[in-house]
Amino acid sequence: MSMARTLRKLVLGVILDLDGTLLNTDGIVNDILKVHLVKYGKQWDARNAHRIAGKTPLEAAAAVVEDYELPMSPDVFLAEITPTFSEQWCNIKAQPGANRLINHLRGHGVPMALASNSPLENVETKIFYHQGWKESFSAIIGGDEVTNGKPSPDIFLEAARRLNIDPSSCLVIEDSLPGITAGKAAGMNVVAVPSIPKHSHLYTSADEVINSLLDLQLEKWSLPAFQDWVEGTLPINPWHIGGPVIKGFGRGSKVLGIPTANISTEGYLDLLSEHPSGVYHGWAGLPTRGVFKMVMSIGWNPYFNNAEKTIEPWLLHDFTEDFYGQFSIS
Ligand code: ADP
Ligand code: MG
């Protein structure tokens, strides 16, 4: 156990960011910008999502106008896309583990605040679609309620003030770099949950970087621990996917001794964005061979540096030959 950890103050309240942290906003943002930029003959590159993450709407619009050399000012561009965004707010899904976290903290009476760079009105509309959220927060602060948005610490200091908790006793949970900078500048404990893949190495100023909200270990912050882990595994609702086994990279078996029967991600992009990368386990059925136990990696394989998320089940069975037919797993 490190000195830093033992010297940490008791955490008495949790301050949460909204977009990218509690809500999976990135999917909607990507979809809208993709369609919108086509009008100007430009192609949205999802790899630029980090340019807008955590920014105020106007700053994000300015970054897009600059990156894609759009023939207009940021405020004109913002006004143009705002109606499309408002229509989509009802479709933004909660991030994996968001409801679990909110219910757990509320159940234990831990004070919570929501601090977003979005204007308060937008924040309230977005959380309206998520049952039990609004009532769970003792304070909700929009970016328009402080002079400077994140990365300035203003919004988090205001949240601490409204919770009546010393900043050093607050835990901030954030997905974006501006948010992490703001939390540290406010003198708070900060856990980063990067919403953009493969950017974790940029989050060095956070006290901890985790893969998804499901991986939060609240006891590290002297908060009540989650009780739903079973021997190092977190039970989740089962999900079912299937499809033909596709050619993978031909390297798992050769380099690692673990062949994986890759499944096409086509048709599963939404499902993949709703599930954190990680190792899952369950069952795999092959029509002619039967049902087998399997473990499955979902994600950007850190070892092989994949460009896209892959679905790679490894069946716990010795097969004499490869199989590439239909396949279903749950
Ligand atoms: P790799 O996974 O080695 O990177 P591929 O995905 O192209 O390469 O091919 C691996 C193939 O190995 C799978 O498509 C499947 O047909 C075969 N295979 C053999 N045994 C297993 C097993 N136990 N689990 C998963 N796939 C297996
Ligand atoms: Mg494979």
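Model, not experiment: these values are computed from the prediction.

Reading guide: rules and limits
- Residues numbered from 1 in each chain as written.
- Chains lettered and ligands numbered in written order.
- Predicted model: local features only at pLDDT ≥ 70, side-chain atom pairs only at ≥ 80, totals over all residues.
- Heavy atoms only, no water.
- Pairing = 2+ DSSP bridges.
- Helix = DSSP H or I, 4+ residues; strand = E, 2+ residues; numbered from the N terminus.
- Near = heavy atom within 4 Å.
- Polar contact = N/O pair within 3.5 Å; in protein donor to acceptor, adjacent residues only side chain to side chain.
- Areas by Shrake-Rupley, 256 points an atom, 1.4 Å probe, with all protein chains shown as cover.
- Nonpolar A, V, L, I, M, F, W, Y, C, P; charged D, E, K, R; others polar.
- Contact = heavy atoms within 4.5 Å.
- Patch = residues over 30% accessible without salt bridge, like charges linked within 9 Å, V, L, I, M, F, W, Y side chains within 5 Å.
- Salt bridge = Lys/Arg side-chain N within 4 Å of Asp/Glu carboxyl O.
- Domains from an automatic or database assignment.
- Expected span 1.5 Å × (residues − 1).
- Bend = angle between axes of the 7 residues up to and from the residue.
- Buried < 20%, exposed > 50% of the residue type's maximum accessible area, 1.4 Å probe, protein only.
- Axes fitted to C-alpha atoms, helices over the stretch in contact; angles between N-to-C directions.

Asks: When you look at the sheet that holds strand S8 (residues 278–286) in this model, what are you seeing that I'm missing?
Replies: Adjacent strands of a sheet form backbone hydrogen bonds with each other and so pair up, either parallel or antiparallel. In spatial order, the strands read S7-S11-S8-S9-S10; together these five strands make up an open sheet with antiparallel pairing. Of all strands in the sheet, those bounded by a partner on one side alone are strand S7 (241–242) and strand S10 (310–315). Both strand S9 (residues 290–299) and S10 contribute to a ladder of six bridges, which runs antiparallel. By the bridge assignment, Gly299 is partnered in S10 with Thr310.

Asks: I tried to follow the site of ligand 1 on my own but got confused; where do I start?
Replies: Around ligand 1, 20 residues are found, and the nearest of them are Gly248, Ser253, Thr260, Leu315 and Phe323. At 2.8 Å, a backbone N or O of Thr260 approaches an oxygen atom of ligand 1. One nitrogen or oxygen atom from the side chain of Asn262 is found 3.0 Å from an oxygen atom belonging to ligand 1. Contact with the protein chains hides 94% of the accessible area of ligand 1, taken as 560 Å² for the molecule alone. Taken together, the elements giving at least two residues each to the shell around ligand 1 come down to helix H10 (252–256) and S10. Per-element accounting of the shell around ligand 1 gives the leading share, three residues, to S10. Tallied by class, the residues present in the shell around ligand 1 amount to 10 nonpolar, seven polar and three charged.

Asks: Help me understand the side chain of Ser116 in this model?
Replies: Examined against the element boundaries, Ser116 turns out to sit in the loop between strand S2 (112–115) and helix H6 (120–128). Sequence-distant contacts of Ser116, that is, excluding residues within four places in its chain, are made with Asp17, Leu18, Asp19, Val123, Ile141, Gly142, Gly143, Lys150 and Ile155.

Asks: So what exactly am I meant to see when it comes to a nonpolar patch on the surface here?
Replies: Together, Val255, Leu256, Ile258, Trp314 and Leu316 line one region of the surface with nonpolar side chains, adding up to about 420 Å² of accessible area. In this structure, Trp314 sits in strand S10.

Asks: Could you clarify how one ought to interpret the domain arrangement of the protein in this entry?
Replies: When the domains of the protein are assigned, the result is domain 1 (13–23 + 92–221), domain 2 (26–91) and domain 3 (241–329). Each of domain 2 and domain 3 has a C-alpha centre, and the two are 34 Å apart.

Asks: Sorry if this is basic, but what is going on with helix H4 (residues 74–88) here?
Replies: Each α-helix turn comprises 3.6 residues. Residues three or four places apart therefore point the same way. For H4, with 15 residues, the first-to-last C-alpha span of 21 Å sits near the 21 Å given by 1.5 Å per residue. Along H4, the helix axis deviates most sharply at Thr82, where the bend reaches about 35°; the proline Pro83 sits within four residues downstream. Turning to H4, its buried residues number three or more, namely Phe77, Ile81 and Phe85. Elements that come into contact with the buried residues of H4 comprise helix H2 (25–38) and helix H3 (57–67).

Asks: Explain the sheet that holds strand S5 (residues 189–192) to me, please; I cannot follow it from the model alone.
Replies: On the basis of which strands lie adjacent, the open sheet formed by six strands has the order S3-S2-S1-S4-S5-S6 and parallel pairing. The sheet terminates laterally at strand S3 (139–141) and strand S6 (208–209), the two strands that pair on one side only. Bridge count between S5 and S6: two bridges; the pairing is parallel. Across the sheet, Ala192 pairs through a bridge with Val209, a residue of S6. Packed on one face of the sheet, helix H5 (residues 98–107) meets strand S1 (13–16), S2 and strand S4 (170–174) and runs near 140° to S2. This element, H6, spans S2 and S3 of the sheet and lies at about 125° to S3.

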